[in-house]
Amino acid sequence: MSQNVPITVAHGDGIGPEIMAATLLVLSEAGARIDIEAIEIGEKVYLRGQSSGIEPGAWESLRRTQVFLKAPITTPQGGGYKSLNVTTRKMLGLYANVRPTAAYHPFVHTKHPGMDIVIVRENEEDLYAGIEYRQTDDVYQALKIITRPGTEKIVRYAFEYAIRHNRNKVTCFTKDNILKMSDGLFHKVFDEIGAQYPTLEKEHWIVDIGAAKLADTPEAFDVIVLPNMYGDILSDVAAQIAGSVGQAGSANIGDQCAMFEAIHGSAPRRAGQNVANPSGLLLGAVMMLVHIGQPDVAERVHNAWLRTVEDGVHTSDIYAEGVSREKVGTREFARAVADRLGQGPERLKAVSYRATPKETIGAVATSRYRAKKELVGVDVFVHWRGGSPEQLGEQVEALSGTDLRLSMISNRGVKVYPGGFPETFCVDHWRCRFLSRSEGRTITHGQIIALLQRIGNAGLDSIKTENLYTFDGEPGYSLGQGE
Ligand code: NAD
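Parameters and conventions
Residues numbered from 1 in each chain as written. Predicted model: local features only at pLDDT ≥ 70, side-chain atom pairs only at ≥ 80, totals over all residues. Heavy atoms only, no water. Helix = DSSP H or I, 4+ residues; strand = E, 2+ residues; numbered from the N terminus. Buried < 20%, exposed > 50% of the residue type's maximum accessible area, 1.4 Å probe, protein only. Pairing = 2+ DSSP bridges. Phe/Tyr/Trp six-rings, centres within 6.5 Å; stacked < 30°, edge-to-face > 60°. Axes fitted to C-alpha atoms, helices over the stretch in contact; angles between N-to-C directions. Contact = heavy atoms within 4.5 Å. Core = buried A, V, L, I, M, F, W, Y, C linked by side-chain atoms within 4.5 Å. Domains from an automatic or database assignment. Near = heavy atom within 4 Å. Polar contact = N/O pair within 3.5 Å; in protein donor to acceptor, adjacent residues only side chain to side chain. Areas by Shrake-Rupley, 256 points an atom, 1.4 Å probe, with all protein chains shown as cover. Arc of directions from axis to C-beta. Expected span 1.5 Å × (residues − 1).

### Focus on unusual backbone geometry
Inference 1: The linkage connecting H105 with the following residue, P106, adopts the cis geometry, with an omega of 0 degrees.
Inference 2: Locating P106 in the fold gives a position in the loop between strand 4 (96-102) and strand 5 (116-122).
Inference 3: With an omega of -10 degrees, the peptide bond running from Y417 to P418 counts as cis.
Inference 4: For D472, which is not a glycine, the phi torsion comes out positive at approximately 50 degrees.
Inference 5: Following the sequence through the fold, D472 ends up in the loop between strand 19 (461-471) and strand 20 (474-475).
Inference 6: For D472, a relative accessible area of 41% corresponds to the partly exposed category.

Have a look at this one:
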């Protein structure tokens, strides 16, 4: 008998304690070899004045056990409370969010009987870096950050996941027809790493039409890997169209730590009534069992759960006259699953799990090639509401100096000077692009500082700059629309 694995458990808020009790009952009866350390997180902690929703001491348990089974929590209304999920993901480096969603037709109502997909969402980057600024009266900005190491990790994880779980195809969604550099990198890395998995089918969809196809024909997909924001939205769509948000679990995986949970929230209105469906958390716990090297227990629990659903023993969220046999509460549902341990489904497909060698998943093995990087220009953004683009253009051109030239001004990404259209709507946020006066020459940081000085002395408010670099001669910046 192998040793017990210590895990950190949070019972959460709302329906959290009930669905956690149900989940732990099934795990215990299934013979999960775990030692539980309970920590307190969520509403009570927030209301004690801890804006992160977690006590400093709880991190000690998480960092030691490196495995977190978490019930949903309630984030109090009002400002100042930080999302505990986002904090946990970032602090523990949980870069992969994995959400399997399957239809359980004909036992749970769905319009998509053949659906069986896994969404692998990048969890740390993209707009969720949370780097935002107000720059002018009218303009706010959020930075979308896509990095090569971050993308390599998530894409590699998705392919490894597909191999280990006997999946056939990995699909990538991006918007790289518009975001050619950031989403373009994600797509490029997908192609590069995908080439190392010849046995798997690979495809890429632009996210808009991909999302439409996913909502309409989810059975056409298998594993989907995508950047954070698209993944956040589409993984909820996937869970909803599969039948119920109460039924999906998720894993947040990092190189050291991992967190497992249901995808739904704390459903406060259902709390304390023994009506919540514990399936989402239970299926999250199944993923945890595979992760900690107990695939035998994971398989026993998952197959007993499938049998329970198939037997028509349903909580009220999925109960349907004529399909379900028995409407049960949270506790009775857990009892029904525990009673079926050792059994498997007869009509639904049974699952089988094997141990995943953790060390290879997420490993980033790329050469760290350094490009020849040259500073060739600067974009200076100004807050200005003086008049027409021509007026600004003439004023700024006069400030270019002897080394630099104004190559264009854009507003919300569209070139408005020189040669803009009067129809283009402009706000108080202007991007002035300066390049070297000598074609193809580099510029210096000193020239940029002198330029900013001239702009400031002329009474213009420069709110930020972006340096323009080439990498091995390739521009590291996008052109203005119409440039
Ligand atoms: P929710 O997911 O709690 O509820 C949405 C709907 O689904 C409700 O009608 C609810 O009754 C139902 N539902 C959810 N889980 C169910 C289950 N297991 N069984 C039966 N029905 C279920 O979302 P919400 O109402 O927007 O949020 C409630 C609270 O949860 C908020 O404080 C929110 O911040 C928090 N939240 C927490 C997490 C998390 O901890 N991971 C995630 C999402 C929301």
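### Considerations on the pairing of strand 16 (residues 404-411)
Inference 1: Here strand 16 lies mainly inside the structure; seven of its eight residues are buried.
Inference 2: Pairing between strand 16 and strand 17 (residues 414-417): three bridges, direction antiparallel. The residue bridging N411 from the neighbouring strand is V414, located in strand 17.
Inference 3: Hairpin connection from strand 16 to strand 17: two residues lie between these consecutive antiparallel strands, with R412 at a positive phi of about 50 degrees.

### Regarding the packing of aromatic side chains
Inference 1: On inspection of all chains with the given rule, the structure shows 10 aromatic pairs.
Inference 2: Ring geometry for Y95 against Y157: centres 6.3 Å apart, planes inclined by 85 degrees, an arrangement best described as edge-to-face. Placement of Y95 in the loop between helix 4 (84-91) and strand 4 and of Y157 in helix 5 (residues 148-164) is noted, with a sequence separation of 62 residues between them. Across the pair, Y157 and Y95 agree in class, each one buried.
Inference 3: Consider the rings of Y104 and W305, whose centres lie 5.0 Å apart with planes at 80 degrees: the pair is edge-to-face. Taken as a pair, Y104 in the loop between strand 4 and strand 5 and W305 in helix 10 (residues 295-310) lie far apart in primary sequence, 201 residues in all.

### Concerning the sheet that holds strand 9 (residues 201-206)
Inference 1: If you walk across this open sheet you meet the 10 strands as 2-1-3-12-11-4-5-10-8-9, and the pairing is mixed. Looking at strand neighbours, the two that pair on one side only are strand 2 (34-39) and strand 9, the edges of this open sheet. Each strand axis lies, on average, 20 degrees off the axis of its neighbour in the sheet, ignoring direction.
Inference 2: As paired strands, strand 3 (residues 67-70) and strand 12 (residues 258-262) are joined by four bridges and run parallel to one another. Bridge assignment links K70 to a residue of strand 12, and that residue is E261.
Inference 3: Against the sheet, helix 3 (residues 56-65) contacts strand 1 (5-10), strand 2 and strand 3, and its axis sits at roughly 160 degrees relative to strand 2.
Inference 4: Sitting on the sheet, helix 5 touches strand 4, strand 5, strand 8 (169-174), strand 9, strand 10 (223-226) and strand 11 (249-253), and the angle it makes with strand 5 is about 160 degrees.

### Structural notes on the nonpolar core
The nonpolar side chains of a soluble globular protein tend to be buried, and buried together.
Inference 1: Counting 77 residues, the largest nonpolar core has V225 and V301 as its most contacted members.
Inference 2: Ranked by the residues each element gives to this core, the list is headed by helix 9 (residues 279-291), at nine residues.
Inference 3: Formed jointly, this core draws a minimum of three residues from each of two domains, domain 1 (1-92 + 243-357) and domain 2 (111-242).
Inference 4: Once residues within four sequence positions are removed from consideration, V301 is found in contact with V26, L27, A30, L282, V286, L289, V337 and L341.
Inference 5: Grouped together as the second largest cluster of nonpolar side chains are 22 residues, W384, L392, L406 and Y417 included.

### A word on the site of the ligand
Inference 1: Lining the immediate surroundings of the ligand are 17 residues, of which I73, G265, A267, R270 and N277 lie closest.
Inference 2: Between an oxygen atom of the ligand and a main-chain N or O atom of T75, the distance comes to 3.2 Å.
Inference 3: For the ligand, the accessible surface in isolation is 800 Å², of which the surrounding protein chains cover 67%.

### Overview of helix 3
Inference 1: Within helix 3, burial applies to A58, W59, S61, L62 and T65. Take helix 3 and look down its axis: the buried residues cluster within an arc of 160 degrees, on one side only. Exposed positions of helix 3 whose direction lies more than 90 degrees from the buried face are P56, G57 and R63.
Inference 2: The elements touched by buried residues of helix 3 are strand 1, strand 2, strand 3 and helix 4.

### Considerations on helix 5
Inference 1: With 17 residues, helix 5 should cover 24 Å at 1.5 Å per step; its first-to-last C-alpha distance of 24 Å lies within 8% of that length.
Inference 2: With 13 of 17 residues buried, helix 5 is to be regarded as a mostly interior element.
Inference 3: Regarding helix 5, its N-cap is T147, as a side-chain oxygen of that residue lies 2.9 Å from the backbone nitrogen of G150 further along.

Geometry only, nothing functional implied.
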